[in-house]
Amino acid sequence: MASNASANVVRTGAGSRYVIYAILTLFCLYYLLPLYVMAVNSLKPLSEIQAGGMMALPSQWTIAPWQSAWSTAQIGVDATGLRPYFLNSILMVVPAVAISTVLGALNGYVLTKWRFRGDTIVFGLLLFGCFIPFQMVLIPMARMLGLMGIAGTVPGLIFVHLVYGIGFSTLYFRNYYQQFPTELVRAAMIDGAGFFMIFRRIMLPSSGPIAVVCIIWQFTNIWNDFLFGASFSDFDSQPMTVALNNLVQSSTGVKEYNVHFAGAIMAALPTLLVYIVAGRYFVRGLMAGSVKG
Amino acid sequence: MGFLDINNATKSYGSVKVLHETDISVEEGEFLVLVGPSGCGKSTLLNMIAGLEEVTSGDISIKGRSMNGVRPADRNIAMVFQSYALYPNMNVAKNIAFGLEMHGVAKDERDKAVAEVADLLQMRHLLDRKPSQLSGGQRQRVAMGRALVRNPDVFLFDEPLSNLDAKLRVDMRTEIKKLHQKLGTTIVYVTHDQIEALTLSTRIAVMFGGHVQQLGTPKEIYDNPANIFVAGFMGSPSMNLFPAKVQVENGAAAARIDLADGATVSLPFAPGNTMSGYDTQEIILGIRPEAITDEDGADRKSQAIHRIETRVEVTEPAGSDIFVVSHLGGKEVTGRFRADVDVSPGDVFPFAVNMDKAVAFDPKTEMRIG
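Here the residue index of a chain counts from 1 through its sequence in written order. Here the convention is simple: chains get letters from A, ligands get numbers from 1, in the order in which they are written. Where totals are concerned, whole chains, interfaces and linings use all residues; where local detail is concerned, this predicted model gives features only for residues with pLDDT of at least 70, and gives and counts side-chain atom pairs only at 80 or more. For the side-chain quantities, the full set of heavy atoms in the structure was used; hydrogens and water were omitted.

Engineer: Sorry if this is basic, but what is going on with the nonpolar core here?
Structural biologist: Nonpolar side chains in soluble globular proteins generally cluster together in the buried interior. With 57 residues, the main nonpolar core has A:Tyr177, A:Ile202, B:Leu34, B:Leu156 and B:Val188 as its most contacted residues. For the purposes of this section, nonpolar cores are sets of buried Ala, Val, Leu, Ile, Met, Phe, Trp, Tyr and Cys residues that join through side-chain atoms within 4.5 Å. Each residue gets one of three labels from its accessible area relative to the maximum for its type: buried under 20%, exposed over 50%, partly exposed in between, using a 1.4 Å probe on protein chains only. Core analysis: the next-biggest nonpolar cluster, separate from the first, contains 44 residues, B:Val80, B:Leu100, B:Ala113 and B:Ile204 among them.

Engineer: In this structure, what is going on with the packing of helix H8 (residues 182-191) of chain A against helix H9 (residues 195-203) of chain A? I would like to understand it.
Structural biologist: Two quantities define a packed helix pair, namely the angle between the helix axes and the distance between the axes. All names here are of chain A. Inter-axis angles, ranging from 0 to 180 degrees, are taken between N-to-C directions of lines fitted to C-alpha atoms, where helices are fitted over the stretch in contact. We count a stretch as a helix when DSSP gives it H or I for four or more residues in a row; a strand needs E for two or more, and each element gets its number in order from the N terminus. The N-to-C vectors of H8 and H9 enclose an angle of 125°; their axes lie 10 Å apart at closest approach. Between H8 and H9, the angle falls in the class oblique. As for how H8 packs across H9, the hand of that crossing is right-handed. Here H8 contributes Leu184, Val185, Ala188 and Met189 to the contact with H9, which in turn contributes Ile198, Ile202 and Met203. As a working rule, the residues Ala, Val, Leu, Ile, Met, Phe, Trp, Tyr, Cys and Pro are called nonpolar, Asp, Glu, Lys and Arg charged, and the rest polar, with Gly in that last group. Of the residues that constitute the contact of H8 with H9, the class distribution is 7 nonpolar, no polar and no charged. Under this scheme an angle from 65 to 115 degrees is roughly perpendicular, one under 35 degrees roughly parallel, and one over 145 degrees roughly antiparallel; angles in between are oblique. Helix crossings get a hand from a simple test, with the near helix turned counterclockwise from the far one by less than a right angle marking a left-handed crossing and a clockwise turn marking a right-handed one. Here, residues are in contact when the closest pair of their heavy atoms is within 4.5 Å.

Engineer: Could you clarify how one ought to interpret the domain arrangement of chain B in this entry?
Structural biologist: In many reports, interface size means the accessible area that the parts give up when they come together. All names here are of chain B. One can read the domain layout of chain B as domain 1 (4-233) and domain 2 (240-361). If you average the C-alpha positions of domain 1 and of domain 2, the two centres end up 39 Å apart. Each partner contributes residues to the interface: domain 1 has 9 residues there, and domain 2 has 7 residues. Buried area, as used here, totals the accessible surface that two parts lose on assembly, with accessibility defined by a 1.4 Å probe and the loss added over both. With both chains or domains summed, domain 1 and domain 2 bury close to 660 Å², and 60% of this area falls on carbon and sulfur atoms. Looking at the side of domain 1 facing domain 2, the largest losses of area belong to Tyr222, Ile228 and Ala231, adding up to 66% of the total buried there. We define a salt bridge as a side-chain nitrogen of Lys or Arg found within 4 Å of a carboxyl oxygen belonging to Asp or Glu. At the surface where domain 1 touches domain 2, the tally comes to 0 salt bridges. For this analysis, a polar contact is any N or O atom pair within 3.5 Å, provided that within protein one partner can donate a hydrogen and the other can accept it, and provided that sequence-adjacent residues contribute only side-chain to side-chain pairs. Counting across the domain 1 and domain 2 interface gives 2 residue pairs in polar contact (both at pLDDT 80 or more). Going through the elements one at a time, helix H7 (218-223) and helix H8 (228-233) are the ones with two or more residues in the side of domain 1 that touches domain 2. For the side of domain 1 that touches domain 2, the residue count by class is 6 nonpolar, 2 polar and 1 charged. All the domain ranges listed were derived from an automatic or database domain assignment.

Engineer: What is the right way to read unusual backbone geometry from this model?
Structural biologist: What you tend to see is this: most non-glycine residues have negative phi, and most peptide bonds are trans. Residues and elements named next belong to chain B. At the junction of serine 236 and proline 237, the peptide bond is cis and its omega measures out at -5° in the coordinates. Mapping proline 237 onto the fold places it in the loop between H8 and strand S11 (240-249). Even without being a glycine, glutamine 122 presents a positive backbone phi close to 50°. The class for glutamine 122 is exposed, based on a relative accessible area of 61%. In this model, glutamate 366 sits at a positive phi of 65°, which is unusual for a non-glycine residue. With respect to the helices and strands, glutamate 366 occurs in the segment after strand S21 (359-361). Relative accessible area serves as the criterion here: at 40%, glutamate 366 is assigned to the partly exposed category.

Structure (C-alpha cells):
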C-alpha cells in the first residue's frame, strides 16, 4: 500500500508538472510573439509587409531597414537616422546610472551605519520621492532646469533622472546594508579607517549583487523614459525613445513599417542586453535582503 | 592611578541609564573580565573603552590620558569581536595588515609584522585564504592576530568564544590565557560565561542592571560573594541559597533550617563568625555544592563539618562527581558527592555540610552579612 501511495504521489507530481509547463509555454509564446513579428518584419522589404502576411518569414531577407533606421531615416526634420539619438541616450544613461548608484550606496551606508537624529525621516522622504508621479514635477522641474541653465541639454536630463533615481537606489542599498554586519564597520573604525575609507574598502567590495540590481533598475527606467525626454530635451539632446516616436510619427510619405520595427528593436536592445548579461545577479540580489544568511 | 582608569563613567540612551556610575582601575598586564547576564551593561562599558560609544558622564583614561572625544583609532586599542568581524573581501594577510595600513605603516614593515603574528598564532599557511574559507577556530585566530599586530596598549575582547563549539571554546580559552601570560598585555574581556571569567581573569567585575556588583579576584568573587546575585551567578552548579534563622546560644551562632519532613536542624556557623549580632533574624544561607558532600568526601581541614540526614530526591551522575538534589529550608539544594558513593533517589542519606564555606545574606537588601 505504502509503495502504491508514493508511486501515486510521483505520478500526480509529473502530471501537474506537465500542466504547468504547458501553461508556461503558452505564456512564453504569447509574450514572444510581438518580438517575433518585429524581428521578422524588420528583415523584409516594405512591399512584402504591404502585401499582408505579417506572420510569414521574409521571402527576401534584407538588412536595409536596419541601415535606414540607424543612419538615414527621417527623424523630425533631419534625415539622420537614430544614431545621434542613440548616442544622446548613452550619454544620458551612463552618468545618470553611475552617479545615482554611487549616491544611493553612500546614502544607504550613512542611513544604516552612521545613523543620526532624524535619519528615519530623511529616509522616509527619499522613499516618498520614489512614488511622486512624474507628471507632478514637470513644471517645477522645467523652472529649476531653466534657473540652472541646463534646460534642453543632456546634463539637464541627467539631473532629472538623478533626482528621481536616488530614491530607489537609496532604498536598495539601505535595505542591503541593513543586513551588513555593523561589527565590520566598528572593526574598521578601530583599525583606523575613516568614513570614506570604510565605504570604499569595506562596504563597496561587498555590494556587488545589490549594485547590479540597482544598475539594471536604473538603466531600464532611464533608458525607457519618454516623458522627461519629450519634456526637457531639445532637437539635439533628444534621447532614443523620443527619436523613435518621431521616426514612427513622421507623417510625410509612406509608413515604412520595416524601418519602424528595426528602430523599435534598436531602442529595446540595450536594456535587453543588460538583462542578459547581469540578469542572474538580479534575482540573487533581490533575494539578498529578504533571506537571512 | 592605574593603566586604564574608568572614573565615575555612565552611559544613558535618552532617559534610560544603561550604565550607572562605574569606577574600575586596571593595572598594566591585568586581565579584567566583565561578566554578567545579557543587558547588564558589560558590552556597553567595553564599547565605551573602545570609543565606539560616547561616555555620557565621567571619564575613561588610558595611560593617564583622558579618552573622552578621542577617536577609536587614536586610542591605541585593539578589539576582538564576537562575530570575528573579518573583512570578507580581503584575505587573511590583508585583514591583519589593514590596521597597520590605515596607520600609514610601510608595506615591507607590514609584511614583517604580519609574518611575526602569523608565526605566533601558527597560522602562516592561512595567510592567503579568504575568511569564508576558514573554520570558526581559524577565524577566531585571525581576529586575534589582527588585534595583536597593532601592539596596542589595551586589548578588548567582546565575547570572542561564544560562537565556537564547546570543545574548541575550551582550547581557545587556554590559548588566550597562554597568550596573556606570554605577552603580559592588558586585557579587558567581556563574557556572559562565568567559567570563562573564573579561568581567564586576574580580576573580575560582575555586572548586573548597569551596576558593578562586585570587583575582585576570581577567588574573592567565588568565596566571598558580595550579594545574592553574585553568589547565584558565579559557579556551576550555582550556589545553594535557602532561608534559615539565626539562633545564638551561649554566644555561639547557628543557622536553623527546616527540613523537608517538618523537622528542623541547627548548623553552627564556623568559629570566628560574625553572626551573633543577628540573633533570631531571618537570613538567606548560601552554601556551594562542593561544601555539601557525602561524609567521606568532606574537606578534612575544615573544622565546621556538620551532618544532616535528609532524603535524596534526584541524583545526576556527571562522571567525576554525582550531583545529589535534596530539599533544605523549602528550597532545592544540590550537593556534590564523589562518583563512587552508592546513593540513589529515595534514600535518607547523611550529608556533610562544611559551614566554613557558608555565607549569609540579608533577605531584604540581598547583601552579604557574614
